Number of protein chains: 2
Amino acid sequence: MYHLLPGLSIIEASSFVASPTAGLYLAQMGAEVIRVDQIGGGPDFNRWPKADNGRSLYWENLNRAKKSVALDLGKPDGRELLAELVRRTGQFITNFPVNGFLAHDRLAAGRADLITVRIMGLADGGPALDYTVNSSVGYPDLTGSGPEPVNHVLPAWDLLTGGYAAFAMMAALHHRTATGQGQEVRVPLSDVAIGTVANLGSLAEVLTTGANRDRLGNAVYGAFGRDFVTRDGVRLMIMAITPRQWTGLVEVLEIKAEIDAIEQARGVAFDKDEGVRFEHRDVLFPLVEQKVAGLNYADLQTALDGVGGCYGPYQSMLDAAHDPALVANNPIFGEAANPSGAHYPAAGSFATLPGLDRTPPAPAPYLGQHSEEVLAERLGLSSGQIGALIDAGTVGTHG
Amino acid sequence: MYHLLPGLSIIEASSFVASPTAGLYLAQMGAEVIRVDQIGGGPDFNRWPKADNGRSLYWENLNRAKKSVALDLGKPDGRELLAELVRRTGQFITNFPVNGFLAHDRLAAGRADLITVRIMGLADGGPALDYTVNSSVGYPDLTGSGPEPVNHVLPAWDLLTGGYAAFAMMAALHHRTATGQGQEVRVPLSDVAIGTVANLGSLAEVLTTGANRDRLGNAVYGAFGRDFVTRDGVRLMIMAITPRQWTGLVEVLEIKAEIDAIEQARGVAFDKDEGVRFEHRDVLFPLVEQKVAGLNYADLQTALDGVGGCYGPYQSMLDAAHDPALVANNPIFGEAANPSGAHYPAAGSFATLPGLDRTPPAPAPYLGQHSEEVLAERLGLSSGQIGALIDAGTVGTHG
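Residues numbered from 1 in each chain as written. Chains lettered and ligands numbered in written order. Predicted model: local features only at pLDDT ≥ 70, side-chain atom pairs only at ≥ 80, totals over all residues. Heavy atoms only, no water.

Asker: I'd like a rundown of the confidence of the model for chain A, residues and numbers included.
Answerer: Predicted confidence across chain A gives a mean pLDDT of 97, with 100% of residues reaching 70 or more. Scored as a whole, the predicted complex attains pTM 0.98, and scored at its interfaces, ipTM 0.98. (pLDDT = per-residue confidence, 0-100.)

Set out below in structure tokens:
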């Protein structure tokens, strides 16, 4: 946790990955993020993976450092409480339907300078998820060795959409500070996906060539990079995208003579142009493969480190969790009192700010833990009024 | 393009994907982003894919709406011009080495409230790329049907890091406005990756269970979702994560009787809990597979649309580029006069702001196109001084 955003409060009404991620990034930078859920939990409250006691490990990690208010959103009263919290707060992140009871224009009728950042599936309001957007834009068709498409497992579009939404909230705040003007910012998963295809030059590529790229398995397009296996059976990704990385690799593998011969035979130079290294992978890959297969991983690692080489071993997620550089010795992790009661390293902000103190990662709230506090502070309700709402089943609390 | 960020200027000294992405997102929201490169181009200037005339389609899409200054960064004079541009501007995005001539403390010695957002490989300054970080945190080990690890093709960690860096820049600006304090914000790819493993609950999962997840091929963990193939050979991703999506799917496939029988035999209910649908995929997948295989895609599509179903066909990237909903009829795309001379749809901001006018996507600059303008405006150099720097080879211009 860093405290870069004191004084910024945001209401979040969301579920699944993208919208909670936007709130998480803001909360980990010190914003007060109040997540409002249906009493008993929204559609993502019980998502896998789960702890032994049934608590969602997913939910308690994507909602760290937030406050929780539980309302019965099936009732007009509960909906109006949420709408009023949004109006009083002025900043709202949601993936609720664009034209439903949380439509921006309805909310802004009582708060002209409201900022709503709305994560959507399709831009027209239709349903879409990371996986359905991904299949539509063509990445599975390029992933793996073929012939069948391979889905990514990382929900990359959700995460990128969440990060972009956090940025968009801050940009809209910047604009409001300058102009006084609020607005709705809509971020559809499908536009993040196809826009990214364009940003990486791939839309231009397929339209100008009229063809799809070949599948490359674990090789990297347009550069020298692939997975190789050492004598002792360690698979690692080796990349050489800068001249220094390439000459370092040639030195470590002791293949200068072979490379010189290939360059002469083919009339090319590999050290200045990563594209040329990619074009001639038919001869470079087998050569590197053979040399890597003759070395033990520890020796290769030491040698590559000595030349500033760029590589990474393939680790399972459990290996990664036990990798001290990634977790145990990594200051982004700390202890937190999780609702599941499970003990494991909790992540804080991805960013490190050497000039500020990093405080430990905060836990996710219990559902409804802050209902009374938030309704009192934000809506000015008395304890009697709140008690009546609890008795009526409109407001939920923890414990 | 939207003009949410007028008055915000940022110097960007960067290459590859993450750092230019941060600048791109800011530029597409209206910030003035001045990318400073080595004369002749940085290490990413000629990256694949390329147009017929040799121009990088990658570069001209990741650098839209930016200005370009070209300097000889091998010379002390050129380095000092860049450092002075950073000091005079006050906001800086870079992936240059943490302890090099663009170290934050050196720059901030002349500009106490400077904000530097620095994208890094490893948190200790060591080299890492999307692909090497990805292999280290365990996603390839979970991707595909096995037994070998499968790399993602989408540079997801680069993109998420870029998006997060754009957010972090805005958060640091917010903080500076409140406190007057500038700072360095470091965003290492490796921390984005392992932090994401944690945020999704997966770090907690593997540490509490002591085991890795099974590979699931194209199935989605913890929910109902997989690829299926229709009678006419169309592969599509079908998801059912909400109760409504599940009951809609059951209705469309006319499998209510079969589902009732399974629920009774196994003593479970599928409609309320996506985890239960995942647990019983051994029987649900074959049933859905058989029913989908009996339908033509067009009929299945119409029926799923009728119940708010969530699905997406697998398209190649070329199919996606020709999908009117994704590109031709999508207002995020427009025409731009690209340096390559190639004509293709250019993307603007992923976000849509119904309350503001979207202006057409801007093209990437020619290298050095804005050198004279920026040096005159920002550093107050006279045309004679700039001319001397050009003659000395310290400053490059276009044309």
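Past the structure itself, the notes keep going.
Asker: Tell me about the interface of chain B and chain A, residues and numbers included.
Answerer: Each partner contributes to the interface: chain B provides 129 residues, whereas chain A provides 130 residues. Surface buried jointly by chain B and chain A totals about 11500 Å² across both partners, of which 71% is contributed by carbon and sulfur atoms. Per-residue buried area on chain B facing chain A is highest for Trp-48, Met-317 and Phe-350 of chain B; these three make up 8% of the total on that side. On inspection of chain B and its partner chain A, the count reaches four salt bridges. (Contact = heavy atoms within 4.5 Å. Buried area = accessible area lost by both parts, 1.4 Å probe. Salt bridge = Lys/Arg side-chain N within 4 Å of Asp/Glu carboxyl O.)

Asker: Before we move on, could you go through the packing of aromatic side chains and cite the residues and values that matter?
Answerer: According to the stated counting rule, one finds 30 aromatic pairs over all chains in the structure shown. Considering the side-chain rings of Trp-48 of chain A and Tyr-221 of chain B, the 5.7 Å spacing of their centres and the 70° angle between planes classify their relative orientation as edge-to-face. You can see Trp-48 of chain A sitting in the loop between β2 (32-38) and α2 (57-62) and its partner Tyr-221 of chain B sitting in the loop between α8 (202-209) and β7 (224-229), one on each of two chains. A network of ring pairs unites the aromatic residues Phe-224, Phe-228, Trp-246, Phe-270 and Phe-285 of chain A as a single cluster. The side chain of Arg-47 of chain B reaches across the aromatic face of Tyr-58 of chain B, ending 5.5 Å from its centre. Of note, Arg-281 of chain B hangs over the ring of Phe-278 of chain B, and the distance from its end group to the ring centre comes to 4.0 Å. (Phe/Tyr/Trp six-rings, centres within 6.5 Å; stacked < 30°, edge-to-face > 60°. Helix = DSSP H or I, 4+ residues; strand = E, 2+ residues; numbered from the N terminus. Lys NZ or Arg CZ within 6 Å of the ring centre and 35° of its normal.)

Asker: Quick one: what's the story with the packing of helix α10 (residues 256-266) of chain B against helix α12 (residues 281-292) of chain B, residue by residue and with numbers?
Answerer: Residue and element names in this part refer to chain B. Their axes nearest at 12 Å, the elements α10 and α12 cross at an angle of 170°. With respect to each other, α10 and α12 are oriented roughly antiparallel. Contact residues: Glu-258, Ile-259, Ile-262 and Arg-266 in α10; Asp-282, Val-283, Leu-284, Leu-287 and Lys-291 in α12. Among the residues making up the contact of α10 with α12, the classes are represented as five nonpolar, no polar and four charged. (Axes fitted to C-alpha atoms, helices over the stretch in contact; angles between N-to-C directions. Parallel < 35°, antiparallel > 145°, perpendicular 65-115°, else oblique. Nonpolar A, V, L, I, M, F, W, Y, C, P; charged D, E, K, R; others polar.)

Asker: Let's hear about the nonpolar core: which residues, and what values?
Answerer: Residues Leu-26 of chain A together with Leu-26 of chain B are the most contacted members of the largest nonpolar core, which totals 162 residues. With sequence-adjacent residues up to four places away left out, Leu-26 of chain A is seen in contact with Leu-5, Leu-8, Ile-10, Ala-31, Val-33, Ile-93, Ala-166, Met-169 and Met-170 of chain A together with Phe-167 of chain B. Among the nonpolar cores identified, the runner-up in size contains 28 residues, and Leu-216, Phe-228, Val-250 and Leu-304 of chain A belong to it. (Core = buried A, V, L, I, M, F, W, Y, C linked by side-chain atoms within 4.5 Å. Buried < 20%, exposed > 50% of the residue type's maximum accessible area, 1.4 Å probe, protein only.)

Asker: Describe in detail the environment of Leu-5 of chain B, supporting the description with residues and values.
Answerer: Examined against the element boundaries, Leu-5 of chain B turns out to sit in the segment before β1 (9-13). Leu-5 of chain B gets classed as buried once you look at its relative accessible area, which sits at 0%. Put simply, Leu-5 of chain B and Gln-28 of chain B are 23 residues apart on the chain and 9.3 Å apart in space, counted from C-alpha to C-alpha. Excluding residues within four positions of it along the chain, Leu-5 of chain B makes contact with Ala-171 and His-174 of chain A together with Leu-26, Met-29, Gly-30, Ala-31 and Met-170 of chain B.

Asker: How would you explain helix α6 (residues 156-179) of chain B if you had to name every residue and give the values?
Answerer: Along an α-helix, a turn takes 3.6 residues, which lines up residues three or four apart on a common side. Residue and element names in this part refer to chain B. In this model α6 runs 34 Å from its N-terminal to its C-terminal C-alpha over 24 residues, within 8% of the 34 Å that 1.5 Å per residue would give. Among the 24 residues that make up α6, 20 are buried, leaving the element largely enclosed by the rest of the structure. Trailing α6 by a residue or two, Gly-180 shows a phi angle of about 80°, which is positive. (Expected span 1.5 Å × (residues − 1).)

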